[in-house]
Structure formats: C-alpha cells, structure tokens
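Structural overview for review
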Amino acid sequence: MTPLRSPFILGIESSCDETAVAVLQDGHLVRSSVIASQVELHKKFGGVVPEVASRSHLEVISELYRACLSEAGLSGSELGAIAVTQGPGLIGSLLVGATFAKGLGLGLEIPVIPVNHVHAHVHGALLSHPTATDAPLFPSLSLVVSGGHTHIYRMNGPTHFELIAYSLDDACGESFDKVGKLLGLPYPGGPQIERLARGGKPGSIKMPKMIEAKRRLHLSYSGLKTFVYTWLQQQREPLTDQQKGDLAFAFQEEALGQICRKTGEALAANADVKSIIVAGGVAANVRFQELMHLELQTNGKSPVQVLFPDLKYCSDNAAMIAALGYHMIQDQALQSHEYLDLSWDAFPRYNYPEKS
Ligand code: KG4
Ligand code: ZN
C-alpha cells in the first residue's frame, strides 16, 4: 500500500444543509471539526431549499477550511489525504464540496477519497467511542436513522456495508419533520416532537403498527404521517397542549419502536452479531436509546454492545467523512494511489446505487 505522506486526513461534507470541515489524526483523533449550519436560513421555508443550500456552501467553504486548519494548528501542506462526501445528497450542494476537494487535492498533490455519506454516519458513532474498537465490534448491525435515510446494514468490517433493510417510503427523521409541520412546529421537527412527547400520556392515542409481518425486515413511515394527518382532520376543536403531547408520544413510540422491532428481528437472523451501532440525526433521541435497550432485553440480547453517538456526531459533520476515508485507505484492497484519479462524479439522493 502506498503510505500517506502524513497521518492527517481532511474531511469535507456538503451534502445537505451543513457545510463541515474536519481534520482527523491517525483515523480516530479529531484535531478539529467545524460546522456551518444553514438551519436558520431554511427555517422560513419549512424545509431545505436546494439552490439556497448550494449557494450557501459556496459562500462559506473556503473560510471554513482555513478556520479548521487554524484550529488544528496545521497548514495545508501537512495534510496526507482528503475525504469528501460523494453522495447521496442534493446534487448542487455535493458539487460544491467535491469540486473544492478536487481542486485542493490537485494543488496539494494528495489523494482525494470519495466517501458515501450514509456509511460515514456509522463512523460518526464510532468516533464517540474510541475505546469500543478494543472489543470485537464486527460483525455488527449498523443503523443509519437520519432525515434522508433509515437503513439497517450488516457490517463485517469498517468498510463493509450490506444493506439488509430500509424504509420503503419516507425516512424516519423525515417523518418526524413532516409530523412536526402538521402540528405547526418549527423545522426540524424531530427535537420538537421529542420535547412535546415528554408530556404525553401513554395509551391515549392508538397508533397503527407499520409492517408487522415478521419476515419483512423493511420499514415504512408514510402510513404514520397519514394517520396523524387524518386524526388531526377529525378534531373539531383546536388541540390542547395535552392532546399535542399525547399525539407526539404515540407517533414517536411507533416511529422508533418500529426500528427497534426490526433490529430485534435482524438480530435473530444474524446471531453472530457482536454490536449494534446506531447513527444519524435521530440517534440524538433519548427515548430511542431507551426503546432499543428494552427491545434487546426482551429479546435476551442485552450482552450485545450498543453504541449511540455523542450529540456532536449524530448530525452531519466532516469528522465522520474523514474517519471512513481513513478506513478505506487502510483497506488492503483500496490502495491510496487509486485516489489520485479524480474522474468520479457525485451522486444525488435518487441515484443511490445501493438500492437500484
Ligand atoms: O443526520 P441528520 O443531521 O441529517 C441527515 O443526513 O438527514 O438528521 C437530521 C434528522 C432530521 O429529520 C431531524 O428532525 C432528526 O434528524 N432529529 C431527530 C432528533 N434530532 C434530530 N429526530 C427525532 N428526535 C430527535 N431528538
Ligand atoms: Zn447525514
């Protein structure tokens, strides 16, 4: 394997509404991780506007790169490689990060590694537990539960991802956002619904269960959103705070309960699994962590190691991109000189190769 000229990998992320740059040392030490969030910019539209997003990435990315290097105490010439999000994501936004990375790679004469954003989320969870890798983690069941994806992978190693289940329609985080909108809550809906649900009374509203058939591992969210919409239409009076809490609670229990059930079923079919790694924005939900532990207890599987990320690595960041890039280079099959080829293209959300 061609060695890198230094242990520092620069990560670049621009797939959606966060521009992020990070420097990772030796694959696990985060020297610097800076993020410019666009949440405030998109709030007034009730969701991410692709063109607004890509223009905003373009405005901040150079400054963010400089700030990241300065925080890490490094100069560009000390970097060994660049890892950048190739997809999936908003195409205009991806192109900003990919083009910036390619230009930088050419200028610094270092490899540029195109990274799958969804896979990288799992490495965000692992960065939160640097000592966890001392125990054997693989094979693992890895869940990426975000605004764009609800995926369950079997991983036999850090760069091996076998997609075994995914949502057939909306993503889990997306359904939180859409139900939040129906309840008149600001974007993003996930944290708001979690907060409201704390005041909800269990059992007040009966939510339908999604894809109950045991042998169907896939997930579905659009039915939950439709149920909430129809239920709201049937109410004659404006909702009281208590009713809002009850509805948020009932929705959240099934939105998260569904993934936990499917994880239990996936575990039964993958008895050799040593860990469950949960990643993505929805992993920030405290009730999710409780429900997952309950599921594993009832399944008699509690000895399996369960890793949820620190809050800072739940949502999009560039440290996770650099971490997966590091493992790709470590992979004996993927030699670093391959990454001198810059003819690769970004791929948008709807051309996601795993599901086609
Ligand atoms: O991973 P992420 O930052 O971005 C994507 O790659 O999609 O995930 C954002 C998603 C949003 O849909 C947001 O509502 C959801 O994660 N989310 C939550 C919570 N915090 C963020 N969902 C449920 N409970 C939360 N506490
Ligand atoms: Zn993400």
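This text goes with the structure placed above it.
Quantities reported herein were computed from a predicted structural model and do not represent experimental measurements.

Quick look at the pairing of strand S5 (residues 112-116) now. The buried fraction of S5 is high, at 5 of 5 residues. Alternating positions in S5 separate into two faces, Val-112, Pro-114 and Asn-116 on one and Ile-113 and Val-115 on the other, with burial throughout. Across 5 bridges, the pairing between strand S4 (residues 81-87) and S5 is parallel. In the sheet register, Ala-83 faces S5, and the bridge partner there is Ile-113. Assessed by its sense of winding, the connection that carries the chain from S4 through helix H3 (residues 91-108) to S5 is right-handed.

Quick look at the pattern of salt bridges now. As a working rule, side chains carrying opposite charge can pair if their charged atoms are close by. Under the defined criterion, the tally for this structure stands at 12 salt bridges. The closest approach of N and O atoms between Lys-178 and Glu-174, which form a salt bridge, is 3.0 Å. Taken together, the residues Lys-178 and Glu-174, both in helix H5 (residues 172-182) and 4 residues apart, mark about one turn of the helix. Its relative accessible area of 30% is what places Lys-178 among the partly exposed residues. Put simply, Arg-261 and Glu-254 hold a salt bridge, and the shortest N to O gap is 3.0 Å. Among the charged side chains, a network of salt bridges with common partners joins Asp-170, Glu-174, Lys-178 and Lys-225.

Reading the values: the criteria
- Residues numbered from 1 in each chain as written.
- Chains lettered and ligands numbered in written order.
- Predicted model: local features only at pLDDT ≥ 70, side-chain atom pairs only at ≥ 80, totals over all residues.
- Heavy atoms only, no water.
- Buried < 20%, exposed > 50% of the residue type's maximum accessible area, 1.4 Å probe, protein only.
- Helix = DSSP H or I, 4+ residues; strand = E, 2+ residues; numbered from the N terminus.
- Pairing = 2+ DSSP bridges.
- Right-handed = clockwise from strand over helix to strand, strands pointing away.
- Salt bridge = Lys/Arg side-chain N within 4 Å of Asp/Glu carboxyl O.

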